[in-house]
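# Survey of secondary and tertiary structure
What follows is the residue order along each chain.
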Amino acid sequence: MSGTLPNWLADWLGVERAVASDTATWRLDLAWPWPPWATVLLLLIAAGGVMFVYRHEASSASRGNRTLLGALRLTALGLVLLMLTQAAITFQRTGPPSIALVIDRSASMGIADRFDDDTADGQPPTRLELAKQLLVANDSRLLHALRNNYRLHSYAAAAGSERLASNELESTLAGLTSDGPGSEATRMGDAIVRVLEDARGASPAAIVLLTDGVVTDGVPLADAAQAARGRGVPLLAVGVGSDRAPRDAEIADVLVDDVVFVDDLVGFTVQIKSTGLAGEASEVTLHTAGESAPLAKQTITLGPDGEPQTVFLTHRPTTAGEVVYDVEVAVRDDETNRDNNRLRRIVKVRDAKIRVLLAFGYPSYEFRFLKSLLERDRTIELSTFLQDADPEYSEQDRTALRSFPLARDELFEHDVLLLGDLNPRLLPRSVWPELTEFVAEKGGGAVFIAGPRFLPWSYGDVPDVAPLLPFTLAAIPAGGGPLSADVSRGFVVRPTPLGMQLPPLQLGDTPAETDRIWSSLPPLYWLAELDEWKPTAQVLAEHPTHTTSRGRHLPVIVGQFVGAGKVWFHATDSTWRWRIGVGDVYFARYWVQTIRYLARGKLTSGRGAELSTDRREYQCGEPVAVRLRFRDERLAPADDELTVLVETPGEARQQLVLHRNPMLRGLFEGSLANLGEGRYELLAAEPQASGTVPTTQFAVLVPAGEIARTAMDRAALVVAAEATRGKFYAIEEANRLVDELPRGRRVPIESLAPLEIWNRWWVLATFLLVLVGEWILRRRLGML
């Protein structure tokens, strides 16, 4: 038998309490000399015997007197049994059940979330501030409930677990921050395990967690929940923060040429990623460092979480020197991370003339307008050659050459060749290998311009030209002769999406303006029909309606990489018509930009290659983006794949295959996944001519960065709470926690001296009094 001893009786018996919440309990201990079932049987036999004797005893006593006598006899027997069993009462002092409060103070608790219903101005409170406010809200209702009904044990958890002084908890909470020592990781599972270890004597009634649930290291939350379940301790998890993806926009990467010419249209390929902002508008701007006025800007609609978006910005530097560019995406008030909205790139601008050879079979309109345009451009040093020109032509025109440059040194003096409808039969066959070497080895640029007389109709029997053309010689109609599409009503050239990404086709200052200009250009009326082109060729502009036998739009402008250089093919010689009504505005912009784009190879000569990753540090499980960029595209291998070696101490060497970027010949890309913790080095054996092996290093770290995962992990907290038969509370419903705290079991504090009953004087006196009382009553009733 046991029970709670009333305070007045505990005081009368001398049982002291340490604190007001302590309570004394008692328990009756009996030293039975026989098994308990035998005692019960003996009591039943004794009771039955007494009742039988008094019921059948010959006497005139009433039933009430007989019952009283039987009760006295049974009482006497009970007192005898009490003395035989050496009965004693043991006392124990107990305290209220314990409860643990664990507050997450890691760096992620310093995030200030904005919720959908948040209309307040200014910076919202951080997650840690919300946790503190929850404890002290409504006159500290939750904190008082924990203190008054339980023995409260408080902890602060981050990379480690710190025991907090409960008697000074308010002041301790005020000084608790999310950026102190050890805040770079969250070991919430370890904190739960420590609470269980600290409570070895008696398990706490519950563990209350104030956390965002993001565990970055140590014991997983699920494993800690199983340990708590084994001890019968429920987890009451209060999820602090928003479980939606954090609102953040970042500039993931910016690709731009390292070296350009003065007045070049420099294209910036900007990769943007965002989370929590899908469908919202944002502005991407290009600045020179230290200047607020944008050089270019574009408004975009942010896409789905984590999905990269490509934005193209352009600028035309007008002076030589080193220009520092900053690319930015607009910073929002509700962004979690504002440090990733900008990337800086440095571009070297050179002031040098481009040597151009304009060689045509005859003086077509295309030749005449191109010659007039390029002669006036101060940045271009022009040479011309006409196959059917009179011998006196070279003496009358300062740009004219007497013959096509056949010597290798003469040909290699140029940077770009514009070859328009040349008759291949009037050129020695040795010129084509030289042209191929000019492009593939020197990195020069060439544009083949089709015409109604020779190109491509007469090139089917010139096999040495095959490497330069973006189509196969088998695609040229047998027997020669022009073959053109039906363009009697004219057509407006339509750039492809790939073409619109390249600087030559940017006829406006913004993508929208460029698109409008292309759609409003005068129509062209002649087009060489190409039904097939090489798989490596890139269609940059096409006919808007006419298609090939395979249903693809007829190409107008086609480009391809040949070794280290670039070759473009124009299936029309009528771009001069773009001058109608506007003069040289768009005709000049297109051709000058094309020449500059094809000539950039000479600026990066001998600059080698750069091997890089998108970051220097990664967390386990994160992909590593790898790029090998050949600053001099002439050094890039002809194959579209390139192997990089991956080394880390103590591990076998791995290989990573990089693939050529379809837009940039000198850029190879790939990614590594599922890397373990450690430091890694990447090595590329090319370019061998550079004299150095491109290398880079990065590290994979454990634990995961606190800011790598910032959304509250509701799912993990719900699973952990349910596994322990606890409960999960969102921050807005945490006020219910006070009313739903478990009662728990009181905790034994101290065992007190037992109170022996069997040898007390009042027990013996009661026994004698019962016997004497029974004798007197029997005598009065005449039952003796």
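Rules and cut-offs
Every residue gets a number counted from 1 within its own chain, in the order that chain's sequence is written. This being a predicted model, a pLDDT of at least 70 is required before a residue's local features are given, and a value of 80 or more before pairs of side-chain atoms are given or counted; all residues contribute to the totals for chains, interfaces and linings. Where side-chain values are given, they derive from all heavy atoms of the structure, hydrogens and water being excluded. In this text, helices come from DSSP runs of H or I with a minimum length of four residues, and strands from runs of E with a minimum of two, each type numbered from the N-terminal end. For each residue, the accessible area found with a 1.4 Å probe, counting protein chains only, is set against the maximum for its type, and the residue is called buried under 20%, exposed over 50%, and partly exposed in between. Between two residues, a contact is recorded if the distance between any of their heavy atoms is within 4.5 Å. Reported accessibility uses the Shrake-Rupley method at a 1.4 Å probe radius. Residues are deemed covered only where the shown protein chains occlude them. Following DSSP output, two strands are said to pair if at least two bridges run between them. Orientation is described by axes fitted as lines to C-alpha atoms, over the contacting stretch for helices, and by angles from 0 to 180 degrees between their N-to-C directions. Only residues whose relative accessible area exceeds 30% and that form no salt bridge enter a patch; like-charged residues are grouped when within 9 Å of one another, and nonpolar side chains (Val, Leu, Ile, Met, Phe, Trp, Tyr) when within 5 Å. Each reported salt bridge corresponds to a side-chain nitrogen of Lys or Arg within 4 Å of a carboxyl oxygen of Asp or Glu. The definition of a nonpolar core used throughout is a set of buried Ala, Val, Leu, Ile, Met, Phe, Trp, Tyr and Cys residues joined through side-chain atoms within 4.5 Å. Stacked, tilted and edge-to-face are the three classes assigned to paired rings of Phe, Tyr and Trp, where Trp is represented by its six-membered ring and a pair needs centres within 6.5 Å; plane angles under 30 degrees give stacked, over 60 edge-to-face, the rest tilted. Orientation labels follow simple angle bins: below 35 degrees gives roughly parallel, above 145 gives roughly antiparallel, 65 to 115 gives roughly perpendicular, and whatever is left gives oblique. With the far helix as reference, a near helix turned anticlockwise by less than a right angle produces a left-handed crossing, and one turned clockwise produces a right-handed crossing. Charged means Asp, Glu, Lys or Arg here, nonpolar means Ala, Val, Leu, Ile, Met, Phe, Trp, Tyr, Cys or Pro, and polar covers whatever is left, Gly included. Residues are called lining when one of their atoms sits within 4 Å of a cavity or pocket point, these points coming from a 1 Å grid over the protein atoms alone, where a cavity is a set in which a 1.4 Å probe fits but cannot get out and a pocket is an open set with protein on both sides within 12 Å along at least five of seven lines. Grid points are joined across faces, edges and corners, and a volume is the space filled by probe spheres set on the points. Arc definition: it is the arc formed by the directions from the helix axis to the C-beta atoms. Distance and chemistry together define a polar contact, namely a pair of N or O atoms within 3.5 Å, with one atom able to donate a hydrogen and the other to accept it when in protein, and with adjacent residues in sequence counting only for side-chain atoms on both sides. Note on handedness: a crossover is taken as right-handed if, strands pointing away from the viewer, the path from the first strand over the helix to the second is clockwise.

Let us look at the overall build of the chain. Scanning the chain from N- to C-terminus turns up 15 helices and 35 strands. Burial status across the chain gives 47% buried among its 784 residues. Within the chain, contacts between residues separated by at least 24 positions form 72% of all contacts whose residues are at least 6 apart in sequence. Of the roughly 37,200 Å² of accessible surface on the chain, 52% is carried by carbon and sulfur atoms.

So, on to the sheet that holds strand E14 (residues 309-315). Strand order in the open sheet formed by 3 strands is E9-E11-E14, with antiparallel pairing between adjacent strands. The strands lining the two open edges of the sheet, one partner per strand, are strand E9 (248-255) and E14. Ignoring which end each strand starts from, the neighbouring axes of this sheet average 30° apart. Pairing geometry for strand E11 (residues 266-275) and E14, over 7 bridges, is antiparallel. Bridged to Val270 within E14 is Val311.

We now examine the pairing of strand E22 (residues 538-547). For strand E21 (residues 494-495) and E22, the ladder comprises 2 bridges, and the chain directions are antiparallel. Within E22, the position partnered with Pro495 by the bridge is Ala541. In this sheet, strand E23 (residues 553-562) lies alongside E22 in antiparallel orientation, the contact comprising 5 bridges. Each residue of the ladder has a partner; that of Val539, found in E23, is Val558. Count of turn residues in the E22/E23 antiparallel hairpin: 5 residues, of which Gly551 carries a positive phi of about 85°.

Our next topic: a nonpolar patch on the surface. Together, Leu764, Leu768 and Leu771 make up a nonpolar patch on the protein surface, roughly 250 Å² of accessible area in all. With respect to the helices and strands, the residue Leu764 is situated in helix H15 (residues 761-780). Among the residues examined, Leu764 registers a relative accessible area of 44% and is labelled partly exposed.

In the structure shown here, the tally under the stated rule is 31 salt bridges. Glu669 serves as the salt-bridge partner of Arg627, at 3.5 Å between the closest nitrogen and oxygen. One end of the pair, Arg627, is in strand E27 (residues 624-630); the other, Glu669, is in strand E30 (residues 667-672), with 42 residues separating them in the sequence. Classification of Glu669 by relative accessible area gives partly exposed; the value is 26%.

This part is about the nonpolar core. If you look at the biggest cluster of nonpolar residues, it comprises 85 residues, and the most contacted ones within it are Val356, Phe404, Leu418, Trp432, Phe448, Trp568 and Trp591. With 8 residues, helix H13 (residues 585-599) is the largest single contributor of residues to this core. In this structure Trp432 touches Pro424, Leu427, Phe448, Tyr459, Val462, Asp464, Val465 and Leu468, once residues within four positions along its chain are discounted. One finds Tyr150, Ala156, Leu164 and Leu169 within the second-largest nonpolar core, a separate group that totals 33 residues.

For the coordinates displayed, the defined rule picks out 13 aromatic pairs. Judged by centre distance (4.8 Å) and plane angle (65°), the rings of Phe268 and Tyr325 are edge-to-face. Residue Phe268 is located in strand E11, and its partner Tyr325 is located in strand E15 (residues 321-329); the two are separated by 57 residues in the primary sequence. In this pair, the class of Phe268 matches that of Tyr325, namely buried. For the pair Tyr365 and Trp576, a centre-to-centre distance of 4.9 Å together with 35° between the ring planes defines the contact as tilted. Taken as a pair, Tyr365 in helix H8 (residues 365-376) and Trp576 in the loop between strand E24 (565-570) and H13 lie far apart in primary sequence, 211 residues in all. Put simply, the rings of Trp518, Trp578, Tyr590 and Trp591 touch in pairs and so form one group of aromatic residues.

The next subject is the packing of helix H3 (residues 63-84) against H15. Between H3 and H15, the shortest axis-to-axis distance is 9 Å and the interhelical angle comes to 155°. The angle between the axes of H3 and H15 places the two elements in the roughly antiparallel class. Handedness of the H3/H15 crossing: left-handed. Where H3 abuts H15, its residues Leu68, Leu69, Leu72, Arg73, Thr75, Ala76, Leu79, Val80, Leu82 and Met83 lie against Val763, Thr766, Phe767, Val770, Leu771, Gly773, Glu774, Leu777 and Arg778. Within the contact of H3 with H15, the residues separate by chemical class into 13 nonpolar, 3 polar and 3 charged.

With that settled, consider the environment of Val626. With respect to the element layout, Val626 can be found in strand E27. Distance in space between the C-alpha atoms of Val626 and Gly670 is 5.3 Å, their sequence separation being 44 residues. Not counting residues within four places of it along the chain, the set of residues in contact with Val626 comprises Leu611, Ser612, Thr613, Leu656, Leu658, Phe668, Glu669, Gly670, Ser671, Leu672 and Leu682.

On to the sheet that holds strand E33 (residues 727-730), then. Across a sheet, paired strands are connected by hydrogen bonds in the backbone, their directions being either parallel or antiparallel. One open sheet holds the 6 strands; their spatial order is E6-E5-E4-E7-E8-E33, and the pairing between them is mixed. The open sheet is flanked by strand E6 (161-164) and E33, the only strands paired with a single partner. For this sheet, the mean angle separating the axes of adjacent strands, direction not counted, is 20°. Across 4 bridges, the pairing between strand E8 (residues 235-239) and E33 is parallel. Bridging across to E33, Val238 finds its partner in Tyr729.

This next bit is on empty space enclosed by the protein. Counted by the stated rule, this structure contains 5 cavities of 30 Å³ or more. There is about 80 Å³ of room inside the second largest cavity. In this structure, the second largest cavity is lined by 12 residues; those nearest its centre are Leu502, Gln538, Phe561, Trp568 and Tyr597. Looking at the lining of the second largest cavity residue by residue, the class counts come to 8 nonpolar, 3 polar and 1 charged.

Residues spaced three or four apart along an α-helix face the same direction, because each turn holds 3.6 residues. Three or more residues of helix H6 (residues 188-198) are buried, namely Met188, Gly189, Ala191, Ile192, Val195 and Leu196. All buried residues of H6 fall inside an arc of 160° around its axis, so they share one side. Of the surrounding elements, those touching the buried residues of H6 are strand E4 (98-104), strand E5 (151-157), E6, strand E7 (207-211), helix H7 (221-230) and E8.

Glancing now at the environment of Asp409. Examined against the element boundaries, Asp409 turns out to sit in helix H10 (residues 408-412). The spatial distance from the C-alpha of Asp409 to the C-alpha of Glu434 is 9.9 Å, given a sequence separation of 25 residues.

Turning our attention to the side chain of Thr186. Topologically, Thr186 is positioned in the loop between helix H5 (169-174) and H6. Assessed through its relative accessible area of 0%, Thr186 is described here as buried. Of the polar contacts made by the side chain of Thr186, one reaches the backbone oxygen of Val214; its length is 3.5 Å.

Most of strand E17 (residues 354-360) is tucked away: 6 of the 7 residues are buried. The pairing of E17 with strand E18 (residues 380-386) spans 7 bridges and is classified as parallel. By the bridge assignment, Ile354 is partnered in E18 with Ile380. As a crossover connection, the stretch from E17 through H8 into E18 is right-handed. Relative to strand E19 (residues 416-420), E17 runs parallel, the two being bridged by 5 bridges. Paired with Phe360 across the bridge in E19 is Gly420.

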